[in-house]
Amino acid sequence: MSKLKIAVVGLGKAGLPLAAVIADAGIEVLGVDVDKKKVELINRGVNPVKEEPGLSELIKKHGGNRLNATSDAITASKECNVHIVIVPLFIDDSKRPDFSIIEHAVESVGKGLKKKDIVVLETTVLVGTTESLIKGILEKNSMLKAGKDFYLAYSPERIMTGYSISRFKEFPKIVGGINGISTQKAFEIYKKFANPFKVANSRTAELAKIAEGVYRDVNIALANEFFKVSEHYNIDFWEMKEAAKHQYCNILEPGNVGGHCIPVYPWFLINSMNVPLIKAARQINDDMVRYYADRVDKIAKNKKNGKVGIIGLSYREGVKEKAYSRSIALIGLLKKKGYNVYGLDPLYTKEEVKKEFGIDYIDNFRKMDAIILMNRETSYKKELIKMKEKIVDVKNTLNG
Ligand SMILES: NC(=O)c1ccc[n+]([C@@H]2O[C@H](COP(=O)([O-])OP(=O)(O)OC[C@H]3O[C@@H](n4cnc5c(N)ncnc54)[C@H](O)[C@@H]3O)[C@@H](O)[C@H]2O)c1
C-alpha cells in the first residue's frame, strides 16, 4: 500500500475525536466536512467542539499538520486510501431513517475510490446497510467491485460525547466486513490506532451497535416504571435502587432518553419486525415528559399563566446538543397546558435559549411557580435546595 492517509468524512462530535485520535497515533488524516467554518477552524488548530475534554489539545497539536480538513470530498477521496464515514443518520417524523446525508457522503467517496482502498462505515445504521446500500453506491460511482477491487467494512462508533477520547481508547472497536478479506483489511488498519475486535461480518457489527443502544433504552424504561411504582407505594426510589443492587440486578437511572443515538436506534428494529418489548420501552421513555408535566400541575396547582422553569435544555448535561432533546417536547407540552415556560442551560447563552428553544431565560428562580431539573446540573444546587418543594428533580441532583 502507498503511504497510509485516512479520510474521516464527517467531523462532528463523533468524527472529530476519531480523526484526532488517528492523527495522534502518527497517521496522516484528511477530515472532510460540508461545514466550511469547521474546516477552517480545524486547519488553524482550533477545536470547534469545545466541550469535549482533551480534544482541544489534540486539535491544537495536529490541526493544520497531521490533521487537515477540507470540504472538497471527491479530492479528499482521491488523496486517501482509507475512508471512514461518520456522518449522521436521522429519522423523519414517521420514524423512518433518512439516508440522504450518508448517500451524499458515500457518493463522493465512491467518485475518488481507487483499487485496494478500504472504506469503513461507522455511523449507526440498519442491519444490512453496509452490504447493500453502501456497497451499491460505492460500486456505481467507482466502477470497482467491493470485496475484490476495494474493501468494505462496518465498525460502529461506540464513544459517548464528553468521554470520546478516553472511551475510544478503553473500548474494543468492533470490525466486520462484507467478506473475509474486507474484515481482515479493516482490522489491520484499526490495529494502528485502536483496539479492534473482529466479528463474522458487517451485519453482526451493525446489530451489535443497535443492541447496545436498545439495551440502554429498555433498561431505562424499566427504571422509569420502578420510579413510578416507588411513588405509588411512597418509597424512595433511589434508596430502593441501591438496596436492590445485586450481581444480576443493576437498575439504571430513570429519566429522559434524548440525543440522536439511543432514541433513534430502536426504530431500526421496530420498523422492520415485531419487537414489542423494544417498542413499549420507547413509548415509556418518551412519555416521561408527560409524567413530569403532571407533577408540575401538582406543584403549580394548575395556576393560570403560571411560570415554569426548565433547567437543562440539552439532551443531557455537558453536551451542547438539542437533537431529540426531551426538553423540547416538554416545552411544547407545558405551553399547551397554558404555562409560561422559561429555560436555563449552562451550555447555552441567554440569546441562544431564546433562539434555539423559543423561551425566555430564567433570571430568577424565585419567580418560578415550579422548576423541572431535567439534567444533572449541579451548579445551581445551593439555591435550588432551598426551594425543593417547587422542584421536579428528574435525576435526583439535589440529593446526590
Ligand atoms: N455523538 C455521539 O456520542 C456518537 C456516539 C456513537 C456513535 N455516533 C454516530 O456518529 C454519527 C455522527 O454523530 P455526530 O455526533 O458526530 O454528529 P454531529 O451532528 O455532531 O456531526 C456530523 C457532522 O457531519 C457533517 N456532515 C453532514 N453531511 C456531510 C457530508 N455529506 N459530508 C461530510 N460531512 C458532513 C456535519 O457538518 C457535522 O459536522 C451518529 O449518527 C452516530 O451514528 C455518535
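Residues numbered from 1 in each chain as written. Predicted model: local features only at pLDDT ≥ 70, side-chain atom pairs only at ≥ 80, totals over all residues. Heavy atoms only, no water.

Draft legend 1. Summary view of the nonpolar core. Among the nonpolar cores identified, the biggest contains 44 residues, and Val-85, Leu-138 and Phe-150 are the most heavily contacted of them. Residues lining this core come from more than one domain, with at least three contributed by each of domain 1 (5-200) and domain 2 (201-286). The contacts of Val-85, once residues within four sequence positions are left out, are Val-9, Ala-105, Val-106, Val-109, Val-120, Leu-121, Glu-122 and Thr-123. One finds Ile-6, Val-49, Tyr-151 and Ala-186 within the second-largest nonpolar core, a separate group that totals 37 residues. (Core = buried A, V, L, I, M, F, W, Y, C linked by side-chain atoms within 4.5 Å. Buried < 20%, exposed > 50% of the residue type's maximum accessible area, 1.4 Å probe, protein only. Domains from an automatic or database assignment. Contact = heavy atoms within 4.5 Å.)

Draft legend 2. The packing of aromatic side chains, seen in detail. Here the structure, examined in full by the defined rule, presents eight aromatic pairs. Here Phe-227 and Tyr-291 contribute two aromatic rings whose centre-to-centre distance is 6.2 Å and whose plane-to-plane angle is 75°, an arrangement assigned as edge-to-face. Of this pair, Phe-227 sits in helix α9 (residues 202-232) while Tyr-291 is found in helix α13 (residues 288-300), placing the two residues 64 residues apart along the sequence. Residue Phe-227 is classed as buried on the basis of its relative accessible area, which comes to 10%. What links up through ring pairs into an aromatic cluster is the set Phe-227, Phe-237, Trp-238, Tyr-291 and Tyr-292. Note that Lys-228 overlies the ring of Tyr-291, its terminal NZ or CZ placed 5.7 Å from the centroid. (Phe/Tyr/Trp six-rings, centres within 6.5 Å; stacked < 30°, edge-to-face > 60°. Helix = DSSP H or I, 4+ residues; strand = E, 2+ residues; numbered from the N terminus. Lys NZ or Arg CZ within 6 Å of the ring centre and 35° of its normal.)

Draft legend 3. The arrangement of the environment of Lys-111 in detail. As for its placement among the helices and strands, Lys-111 is situated in helix α5 (residues 100-112). The exposure class of Lys-111 is partly exposed, given its relative accessible area of 44%. Between the C-alpha atom of Lys-111 and that of Leu-55, which follows or precedes it by 56 residues, the distance is 31 Å. In contact with Lys-111, other than residues within four places in its own chain, are Ile-74, Lys-78 and Asn-141.

Draft legend 4. Representation of the domain arrangement of the protein in the model. For the protein, the domain assignment lists domain 1 (5-200), domain 2 (201-286) and domain 3 (288-400). Between domain 2 and domain 3, the C-alpha centre-to-centre distance is 23 Å. Three residues stand out in domain 2 for area buried against domain 3, namely Trp-238, Asn-256 and Asp-286, and they jointly supply 33% of the buried area on that side. Across the domain 2-domain 3 interface, the total number found is four salt bridges. Among the salt bridges present, the one from Arg-295 reaches Glu-231, with a minimum N-O distance of 2.4 Å. At the surface where domain 2 touches domain 3, the tally comes to eleven residue pairs in polar contact (both at pLDDT 80 or more). At the level of secondary structure, the elements contributing two or more residues to the side of domain 2 that touches domain 3 comprise α9 and α12 (276-286). Looking at the side of domain 2 that touches domain 3 element by element, the count peaks at four residues for α9. A per-class count over the side of domain 2 that touches domain 3 returns seven nonpolar, seven polar and four charged. (Buried area = accessible area lost by both parts, 1.4 Å probe. Salt bridge = Lys/Arg side-chain N within 4 Å of Asp/Glu carboxyl O. Polar contact = N/O pair within 3.5 Å; in protein donor to acceptor, adjacent residues only side chain to side chain. Nonpolar A, V, L, I, M, F, W, Y, C, P; charged D, E, K, R; others polar.)

Draft legend 5. Region of interest: the site of the ligand. Close contacts around the ligand come from 28 residues, with Lys-13, Ala-14, Asp-33, Lys-38 and Thr-124 the closest. For the ligand, an oxygen atom lies 3.0 Å from a polar atom in the backbone of Lys-13. Contacts to the ligand include Asp-33, whose side-chain N or O atom sits 2.6 Å from an oxygen atom. Its free accessible area being 830 Å², the ligand has 89% of it covered by the protein chains. Top element by residues in the shell around the ligand is α5. It accounts for three residues. Of the residues assigned to the shell around the ligand, the class counts are 14 nonpolar, eight polar and six charged. (Near = heavy atom within 4 Å. Areas by Shrake-Rupley, 256 points an atom, 1.4 Å probe, with all protein chains shown as cover.)

Draft legend 6. Just the packing of α13 against helix α14 (residues 326-336), in detail. Running from N to C, α13 and α14 cross one another at 45°; their axes reach a closest spacing of 10 Å. One finds that α13 runs oblique with respect to α14. You can see that α13 and α14 cross each other, and the crossing is right-handed. Of α14, the residues touching α13 (which contributes Val-289, Arg-290, Ala-293 and Val-296) are Arg-326, Ala-329, Leu-330, Leu-333 and Leu-334. A class-by-class count of the residues in the contact of α13 with α14 yields seven nonpolar, no polar and two charged. (Axes fitted to C-alpha atoms, helices over the stretch in contact; angles between N-to-C directions. Parallel < 35°, antiparallel > 145°, perpendicular 65-115°, else oblique. Left-handed = near helix turned anticlockwise from the far one by under 90°.)

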